[in-house]
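Architecture and fold: a report
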2 protein chains.
Amino acid sequence: MKRILIIEDEKSLVRFIQLELEHEQFFVKAAYDGSSGLQLALAEEWDMILLDIMLPHLDGVEVCRRLRNAKSTPVIMLTARDGLEDRVQGLDSGADDYIAKPFDIEELLARMRAIFRRIELQDQPNRAVLTFRDITVDLDARVATRGGTPIELTKREFDLLAVFMKHPNLVQTRDMLLDLVWGYDSQVETNVVDVYVRYLRNKLDSAGEESVIQTVRGMGYVMRP
Amino acid sequence: MKRILIIEDEKSLVRFIQLELEHEQFFVKAAYDGSSGLQLALAEEWDMILLDIMLPHLDGVEVCRRLRNAKSTPVIMLTARDGLEDRVQGLDSGADDYIAKPFDIEELLARMRAIFRRIELQDQPNRAVLTFRDITVDLDARVATRGGTPIELTKREFDLLAVFMKHPNLVQTRDMLLDLVWGYDSQVETNVVDVYVRYLRNKLDSAGEESVIQTVRGMGYVMRP
DNA sequence: TTACAATTTCAAGGTATGATCAAACTAGTA
DNA sequence: TACTAGTTTGATCATACCTTGAAATTGTAA
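Every residue gets a number counted from 1 within its own chain, in the order that chain's sequence is written. Chains carry letters from A onward and ligands carry numbers from 1 onward, assigned in written order. For a predicted model such as this one, the threshold for reporting local features is a pLDDT of at least 70, and the threshold for listing and counting side-chain atom pairs is 80 or more; totals across whole chains, interfaces and linings nevertheless cover every residue. Values shown for side chains rest on all heavy atoms present in the structure; no hydrogens or waters enter the calculation.

On to the overall build of chain A. Only DSSP runs of H or I reaching four residues or more are called helices, and only runs of E reaching two or more are called strands; each is numbered from the N terminus. Helix and strand content of chain A: eight helices and twelve strands. Each residue is placed in one exposure class: buried if its accessible area under a 1.4 Å probe, protein chains only, is under 20% of its type's maximum, exposed if it is over 50%, and partly exposed if it falls in between. Going through the 225 residues of chain A one by one, you find that 45% of them count as buried. Residue contacts follow a heavy-atom distance rule, with two residues in contact if any of their heavy atoms lie within 4.5 Å. In chain A, of all internal contacts separated by at least 6 residues, the share reaching a separation of at least 24 is 53%.

What follows is the structure, given as structure tokens:
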């Protein structure tokens, strides 16, 4: 369920938008002034923010600008019908679109859909994320996490971990790992595998518990549940 | 410079409007009858057409109707003071506005401005504005901003930034960037990518904070939140 | 056209990170 | 215990990346 934040001081308008969006299966929350809106925007995760440009405490342009320092949550600005200046400022401050008040709820929904579509196109394509136990490996972003916290890995370390994640439960011999990570014609000693397994263990394991990468004596290494 | 086409058989009136519009920095051309006017309207690109309703060969309503089959160039009809019938017909045939002769040149300019404004507002929301963190990239206007302030970029710099903005979080190898920005058959060394990343960093980053473009050693570069 | 400025590309030198090696050490097995 | 397999470590080495200035190219004004 998509989460929408409305930052708008006209309570009757908020109520109207909220009812319509909830009817469309969105989760909706509202803030009635700029500073508390910005706080909410930063504190929680939102799929979209509808942001009035004329707000008490902190105007919409400023809210958007400050939000953008930390996050890229999509923003639609709500502007006055003839506020050409506002719109330009709004887009410049990082808003994704704007809509002039008073607006048709259908038009708002259409613009929201358009932005969601754009974002899905941006993010989705071929995102290969491997997951095993509490470890994730995003091959495109080249980010690995353990229990949600990112782990800094070098190229070799990352590639090695990726092999284990692609084939969990499968024992990898040193030679197989050399082929897959160092290349089939690499000239390095098999000991480098040992060294890199150690590096991974140092970075992934927490003290006192058994390692995510187990050694199979006489065979090689595995990841097991 | 905006291009205006006048279709009007009263030559002295044409001359008057033309002088005034040129004084306002428009490019102006005229046709003196319906059929040649329609031809010109279809053959070239115009930002607006001023169309008399009473014309030899082909009247204004008919010109407008046929034009609308092919194009949506804005049209202002020039009608007789008391031709109520004309006005209705004119608007029905697809004109955007009308003005009654004889008219004040200021009124004409005001109506033209109103229409241009309406069109620009319509167009702007479809502008492809990429947003990530506090950076925006307007692909159509080819304007990039950081924290609301515009950043001057050369073509290569802009295209390179656009790639990063289109695929945030996705690590781009030098080869991918060369393909996307320099063209798949370009012959340049991959080092130019490094050089341009440096240029972008110089222009986008503020001293003392980590760069918006991170290098992933052994892989390439990324933009990350 | 020429001259000048802006932009793009190349190439070389410097630096730091990461990859590898080798030797010493530890643990498992018979 | 002796032997082998795996671990750990620091030192060395390679190379990826950064930086820079200068050359080449492109665009623009006179």
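Structure's up, so let's keep going.
Another point: the environment of A:V212. Residue and element names in this part refer to chain A. Structurally, V212 can be placed in the loop between helix 8 (191–204) and strand 11 (213–216). Considering only alpha carbons, one finds V212 and R201, eleven residues apart in sequence, at a separation of 7.3 Å. Not counting residues within four places of it along the chain, the set of residues in contact with V212 comprises R133, I135, R146, L204, D205, V222, M223 and R224.

All names here are of chain A. Put simply, a salt bridge is a Lys or Arg side-chain nitrogen that is within 4 Å of an Asp or Glu carboxyl oxygen. Applying the stated criterion across every chain yields a total of 27 salt bridges over all chains. With its nearest N and O atoms 2.7 Å apart, the salt bridge here joins E44 to R3. With a gap of 41 residues between them, E44 in the loop between helix 2 (34–43) and strand 3 (48–52) and R3 in strand 1 (residues 3–7) connect regions that are remote in the sequence. Judged by relative accessible area, R3 falls into the partly exposed class, the value being 25%. Between R174 and D194 there is a salt bridge, and its shortest N-O distance comes to 2.1 Å. A residue pair is termed long-range when its members are at least 10 positions apart, and R174 in helix 7 (residues 174–182) and D194 in helix 8 qualify at 20 residues. Classification of D194 as partly exposed rests on a relative accessible area of 25%. Within the structure, one salt-bridge network assembled from shared partners comprises E8, E10, D52 and K101.

Let's shift gears to the sheet that holds strand 5 (residues 97–101) of chain A. All names here are of chain A. For two strands to count as paired, DSSP must find a minimum of two bridges between them. Read from one edge of the open sheet, five strands run 2-1-3-4-5, paired in parallel fashion. Only two strands of the sheet have a single neighbouring strand rather than two, namely strand 2 (27–31) and strand 5. Along the sheet, successive strands turn relative to each other by an average axial angle of 20 degrees, direction set aside. As judged from the five bridges shared by strand 4 (residues 75–80) and strand 5, these two strands associate in the parallel manner. With axes taken as lines fitted to C-alpha atoms, and helix axes fitted only over the stretch in contact, angles between N-to-C directions fall between 0 and 180 degrees.

Residues and elements named next belong to chain B. For V188, the location among the structural elements is in the loop between helix 7 (174–182) and helix 8 (191–204). Linking V188 and L178, residues ten residues apart in sequence, is a C-alpha distance of 8.2 Å. The contacts of V188, once residues within four sequence positions are left out, are L178 and W182.

Residues and elements named next belong to chain B. Contact geometry for helix 2 (residues 34–43) and helix 3 (residues 60–70): axes closest at 10 Å, N-to-C directions at 20 degrees. In this view, helix 2 runs roughly parallel relative to helix 3, as classed from their interaxial angle. Every pair of crossing elements has a handedness; the one defined by helix 2 and helix 3 is right-handed. For the pair helix 2 and helix 3, contact is made by G34, L38, A41 and L42 and by V63, R66, L67 and A70, respectively. As a working rule, the residues Ala, Val, Leu, Ile, Met, Phe, Trp, Tyr, Cys and Pro are called nonpolar, Asp, Glu, Lys and Arg charged, and the rest polar, with Gly in that last group. For the contact of helix 2 with helix 3, a count of residues per class yields six nonpolar, one polar and one charged. Roughly parallel means an angle under 35 degrees; roughly antiparallel, over 145; roughly perpendicular, 65 to 115; everything else is oblique. A clockwise turn of the near helix away from the far one marks a right-handed crossing, whereas an anticlockwise turn of less than a right angle marks a left-handed crossing.

Let us now look at the protein's contact with DNA strand C. In the vicinity of DNA strand C, 24 residues are found, and the nearest of them are A:W182, A:Y196, B:T154, B:R156 and B:W182. In DNA strand C, atoms within 4 Å of the protein come from the sugar-phosphate backbone in 75% of cases. Distance and chemistry together define a polar contact, namely a pair of N or O atoms within 3.5 Å, with one atom able to donate a hydrogen and the other to accept it when in protein, and with adjacent residues in sequence counting only for side-chain atoms on both sides. Contact distances for DNA strand C include 2.4 Å between a phosphate oxygen and a side-chain N or O atom of A:W182. B:R156 places a polar side-chain atom, nitrogen or oxygen, 2.8 Å from a phosphate oxygen of DNA strand C. Any residue with a non-hydrogen atom lying within 4 Å of a molecule or strand is treated as near it.

The next point concerns the sheet that holds strand 12 (residues 220–223) of chain B. All names here are of chain B. Pairing is antiparallel across the open sheet formed by three strands, whose spatial order is 10-12-11. Strands with a single pairing partner mark the edges of an open sheet, and in this sheet they are strand 10 (172–173) and strand 11 (213–216). Pairing between strand 10 and strand 12: two bridges, direction antiparallel. By the bridge assignment for strand 12, T173 is matched with G220. Sheet contacts for helix 6 (residues 155–166): strand 10, strand 11 and strand 12; angle to strand 12, the most-contacted strand, approximately 65 degrees. The strands that helix 8 touches are strand 11 and strand 12; relative to strand 11, the one it contacts most, it runs at about 145 degrees.

This brings us to unusual backbone geometry. Geometrically, the link from B:K101 to B:P102 is a cis peptide bond, its omega value of -5 degrees lying close to zero. Examined against the element boundaries, B:P102 turns out to sit in the loop between strand 5 (97–101) and helix 5 (105–123). With a phi angle near 75 degrees, A:Q25 is a residue other than glycine that sits in the positive phi range. Relative to the elements of secondary structure, A:Q25 occurs in the loop between helix 1 (11–23) and strand 2. Positive phi outside glycine occurs at A:H57, with the angle close to 75 degrees. The residue A:H57 is located in the loop between strand 3 and helix 3 (60–68) in this model.

In this section: the protein's contact with DNA strand D. Close contacts around DNA strand D come from 22 residues, with A:R198, A:Y221, B:R174, B:R198 and B:Y221 the closest. A distance of 3.2 Å separates a base nitrogen of DNA strand D from a polar atom in the side chain of B:R217. B:G218 places a main-chain nitrogen or oxygen 2.8 Å from a phosphate oxygen of DNA strand D. Looking at the surface near DNA strand D, the elements with two or more residues in it are helix 8 and strand 11 of chain A together with helix 8 and strand 11 of chain B. The element contributing the most residues to the surface near DNA strand D is helix 8 of chain A, with five residues. Within the surface near DNA strand D, the residues separate by chemical class into seven nonpolar, six polar and nine charged.

Take the packing of aromatic side chains next. Given two aromatic rings, one states the distance between the centres and the angle between the planes to describe the pair. Pairing of aromatic rings covers Phe, Tyr and Trp, the last through its six-membered ring, and needs centres within 6.5 Å; plane angles under 30 degrees mean stacked, over 60 mean edge-to-face, and all others mean tilted. Enumeration over the complete set of coordinates arrives at six aromatic pairs over all chains. Geometrically, the ring pair formed by B:Y196 and B:Y199 is edge-to-face, given 5.0 Å between the ring centres and 75 degrees between the ring planes. Placement of both B:Y196 and B:Y199 in helix 8 is noted, with a separation of three residues, approximately one turn of the helix. For B:Y199, a relative accessible area of 36% gives the class partly exposed. By way of ring pairs, the aromatic residues A:W182, A:Y196 and A:Y199 are connected into one cluster. Between the NZ or CZ atom of A:K2 and the centre of the ring of A:F116, over which it lies, the distance is 4.5 Å. Note on geometry: a ring has a charge over it if NZ (lysine) or CZ (arginine) is within 6 Å of the ring centre and within 35 degrees of the ring normal.

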